[in-house]
Amino acid sequence: NVTIYYPEAGRAAASALAARLAAIRYVPEQKPAIHLLIKTDELDLHRVNIDVPEMDVGLHYGAAFVPVYEHIVQSLSASRGKGIVILHGPPGTGKTMLLRHLVAQVPGKKFIFLSLETLDQLAAPTLLPFLLHHPGAVLVVEEAEAVLRK
């Protein structure tokens with residue numbers, strides 16, 4: 001609560017100030033996060049804050065990848081952005097690091113992460129209705145090669 005003390009002659013200025021103050025909203029800063037898909041009795045999400053690496057995309061992945069990365073960020077940032085992005089490569093080549101960096105570049109999107117333990121949910125009839133409750137979310141499938149091999 002804010003109390004404004006003013007002389008009678010300052011009523012209009014105080015009212016204007018009160019209106020401007022009323023429009024201010026406190027929004028706590030949130031760290032970038034991924035949302036792990038978990039299965040208990042039903043599907044649910046567990047928010048996990050992540051540390052974002054400082055990264056020069058061109059230095060880590062090559063200059064040719066920079067426009068590709070910028071396109072991915074632009075596509076995911078669009079309010080109705082859609083598509084499929086596949087990050088592939090041997091273990092240890094930086095796919096997870098790039099994903100963590102990407103999450104921070106697209107703060108308005110919810111990234112739903114399917115781990116190896118929850119990959120079986122891709123075929124579950126409950127996944128599609130669950131995802132419909134999270135419009136605009138980005139579905140991340142870790143180790144998608146395991147799914148493609150089946």
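Heads up: the structure comes first, above all this text.
What counts, and where the lines are drawn
Residues numbered from 1 in each chain as written. Predicted model: local features only at pLDDT ≥ 70, side-chain atom pairs only at ≥ 80, totals over all residues. Heavy atoms only, no water. Core = buried A, V, L, I, M, F, W, Y, C linked by side-chain atoms within 4.5 Å. Buried < 20%, exposed > 50% of the residue type's maximum accessible area, 1.4 Å probe, protein only. Helix = DSSP H or I, 4+ residues; strand = E, 2+ residues; numbered from the N terminus. Contact = heavy atoms within 4.5 Å. Patch = residues over 30% accessible without salt bridge, like charges linked within 9 Å, V, L, I, M, F, W, Y side chains within 5 Å. Areas by Shrake-Rupley, 256 points an atom, 1.4 Å probe, with all protein chains shown as cover. Salt bridge = Lys/Arg side-chain N within 4 Å of Asp/Glu carboxyl O. Phe/Tyr/Trp six-rings, centres within 6.5 Å; stacked < 30°, edge-to-face > 60°.

**Regarding the nonpolar core**
The biggest cluster of nonpolar side chains holds 18 residues, and the ones touching the most others in it are Tyr69, Leu76, Leu102 and Phe111. Among the elements of the structure, helix 3 (66-77), helix 4 (95-105), strand 3 (111-114) and strand 4 (138-141) are those that each provide at least two residues to this core. Among all residues touching Phe111, those that are not within four sequence positions of it are Ile34, His35, Leu76, Leu99, Leu102, Val103, Val106, Val138 and Val140. If you look at the next biggest cluster of nonpolar residues, it comprises 7 residues, including Leu43, Ile112, Leu127 and Phe130.

**So, a nonpolar patch on the surface**
The grouping of Val2, Leu17, Leu21 and Ile24 at the surface amounts to a nonpolar patch, some 370 Å² of accessible area in total. Within the secondary structure layout, Leu21 lies in helix 1 (residues 11-22).

**Points about the packing of aromatic side chains**
Summed over the entire model, instances satisfying the criterion amount to 2 aromatic pairs. Considering the side-chain rings of Tyr61 and Phe65, the 5.7 Å spacing of their centres and the 50° angle between planes classify their relative orientation as tilted. We classify Tyr61 as partly exposed; its relative accessible area is 22%. Look at Phe65 and Tyr69: their rings are 6.3 Å apart centre to centre, the planes differ by 40°, and that puts the pair in the tilted class. Taken together, the ring pairs connect Tyr61, Phe65 and Tyr69 into an aromatic cluster.

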